[in-house]
Amino acid sequence: MSRAPASAAASDASPAPPPGRAPSISAIVITKNEEANICECLDGLSWCDEVIVVDCFSTDRTVEICRERAAKVILKPGPGMPGPQRNEGLAAARGDWAL
């Protein structure tokens, strides 16, 4: 799966999927101790083809809940900025599009 950098021109964007096939969508969620909110978040993403949760070593039940709901979970420490976690999720995503 290729992704154009944010600064790339529209002509550099990834090609559309083959005719007759809708693009697949991967959702990436970055979490840390979101036990109280993660169910509602994942429910809202149920229409996506793939849900990837990049967790910053939660100490509550966030990871357990995500796994129970069939999300792919990646554990990655967070330096305070979401960029490295986002990039980890993008690298694992298999969809034509990611959000």
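Scroll up to find the structure this text is about.
Residues numbered from 1 in each chain as written. Predicted model: local features only at pLDDT ≥ 70, side-chain atom pairs only at ≥ 80, totals over all residues. Heavy atoms only, no water.

1. Comments concerning the pattern of salt bridges
Reasoning step 1: According to the stated counting rule, one finds six salt bridges in the structure shown.
Reasoning step 2: The partner of Arg69 in a salt bridge is Asp43, with the nearest N and O atoms 2.4 Å apart. Of this pair, Arg69 sits in the loop between helix H2 (62–68) and strand E3 (72–75) while Asp43 sits in helix H1 (residues 38–44), and the two are 26 residues apart along the sequence.
Reasoning step 3: Here Arg61 and Glu64 are joined by a salt bridge, their closest N and O atoms 3.3 Å apart.
Reasoning step 4: Looking at Arg61, the relative accessible area reads 33%, which means it is partly exposed.
Reasoning step 5: Linked through salt bridges whose partners overlap, the residues forming this network are Glu35, Arg61, Glu64 and Glu68. (Salt bridge = Lys/Arg side-chain N within 4 Å of Asp/Glu carboxyl O. Helix = DSSP H or I, 4+ residues; strand = E, 2+ residues; numbered from the N terminus. Buried < 20%, exposed > 50% of the residue type's maximum accessible area, 1.4 Å probe, protein only.)

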